[in-house]
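Architecture and fold: a report
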Amino acid sequence: MLVVRSAETYYGNIQALKGVSLHVNEGEIVALIGANGAGKTTTLRTISGMLAPRRGEIAFGGRSIVGLPPEAIVRAGISQVPEGRRLFTTLSVRDNLLLGAYHLSWREKRARVRGDLERICSLFPVLRERADQVSGTLSGGEQQMLAIGRALMSRPRLLLLDEPSLGLAPRAARTIFDAIPRFRGQGLTVLLVEQNARAALQIADRAYVLETGRAVMEGSAQELLSQREVQRAYLGRGYRQVWEDE
Ligand code: ATP
């Protein structure tokens, strides 16, 4: 579904990606793990068109998406949930969700927005209960659900999730990690960046380890979980253990 080949991305003169290659098959949950500054967020931004790679190729569904503006990439079926959620905090939950469908024509909105809101609220019922609440007053976990819900409003086929558990209490992180595998039932494929590598590997099918701008390891999530090198460098306590200790 998604193929990234030797992507090189810069911030000015600083080369953040030094030839990242990875692929994601339809229906998979793929995790990107690695230390701070390894290039995980930059990889997602390069795929979603927020950053343009200077070299390399990115194909989605067999078509190159390099050089397309971010809104065209959303239309093609890729939606990113950014790190830190980036909600419109003075707007209501409902309005934040509606903004996820901003790129649709009036006719398209009329045909599908109501049904899509319903579908997303059944995935995260708290969003229905809080529909009129100002989103800045939601808890961290609820804000993350809203950020995911907003991304789902564009009906993506591939969801890019950047650090969904960042800053969340263990219980809220658990709700998010438990929800991600359920997206599969909605026909979604997920590329997940997570600081909590163990939790990511517990829900992923496959994973890549990024180190200083390159993918240095690839394997099934189970394989990586059992590798000494990965355990030593990246695996703290997983989210299941954290809440079992609570
Ligand atoms: P983290 O988990 O800390 O977010 P990451 O793996 O997502 O790390 P990136 O945020 O992709 O890493 O950063 C990769 C490299 O690019 C780092 O060296 C970082 O300092 C640099 N970088 C990121 N954003 C910018 C920016 N806006 N301007 C300049 N350099 C940047």
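Residues numbered from 1 in each chain as written. Predicted model: local features only at pLDDT ≥ 70, side-chain atom pairs only at ≥ 80, totals over all residues. Heavy atoms only, no water.

Details of the site of the ligand
Taken together, 13 residues are adjacent to the ligand, and Gly37, Gly39, Lys40, Thr41 and Thr42 come closest. Between the ligand and asparagine 36, the relevant distance is 3.1 Å, taken from an oxygen atom to a side-chain nitrogen or oxygen of the residue. Here an oxygen atom of the ligand sits 3.1 Å away from a polar atom, N or O, in the main chain of alanine 38. Coverage of the ligand by the protein chains reaches 62% of its 630 Å² of free accessible surface. The element best represented in the shell around the ligand is helix H1 (residues 40-47), accounting for 3 residues. Residues of the shell around the ligand, tallied by class, amount to 4 nonpolar, 6 polar and 3 charged. (Near = heavy atom within 4 Å. Polar contact = N/O pair within 3.5 Å; in protein donor to acceptor, adjacent residues only side chain to side chain. Areas by Shrake-Rupley, 256 points an atom, 1.4 Å probe, with all protein chains shown as cover. Helix = DSSP H or I, 4+ residues; strand = E, 2+ residues; numbered from the N terminus. Nonpolar A, V, L, I, M, F, W, Y, C, P; charged D, E, K, R; others polar.)

Observations regarding the sheet that holds strand E2 (residues 14-24)
Spatially, the 4 strands line up as an open sheet ordered E2-E1-E4-E5, and their pairing is antiparallel. Of all strands in the sheet, those with a lone pairing partner are E2 and strand E5 (63-64), marking the two edges. Bridge count for strand E1 (residues 2-11) against strand E4 (residues 55-60) is 5 bridges, and the pairing is antiparallel. The partner of glutamate 8 across the bridge, within E4, is arginine 55. (Pairing = 2+ DSSP bridges.)

What is shown is where atoms sit, not what they do.
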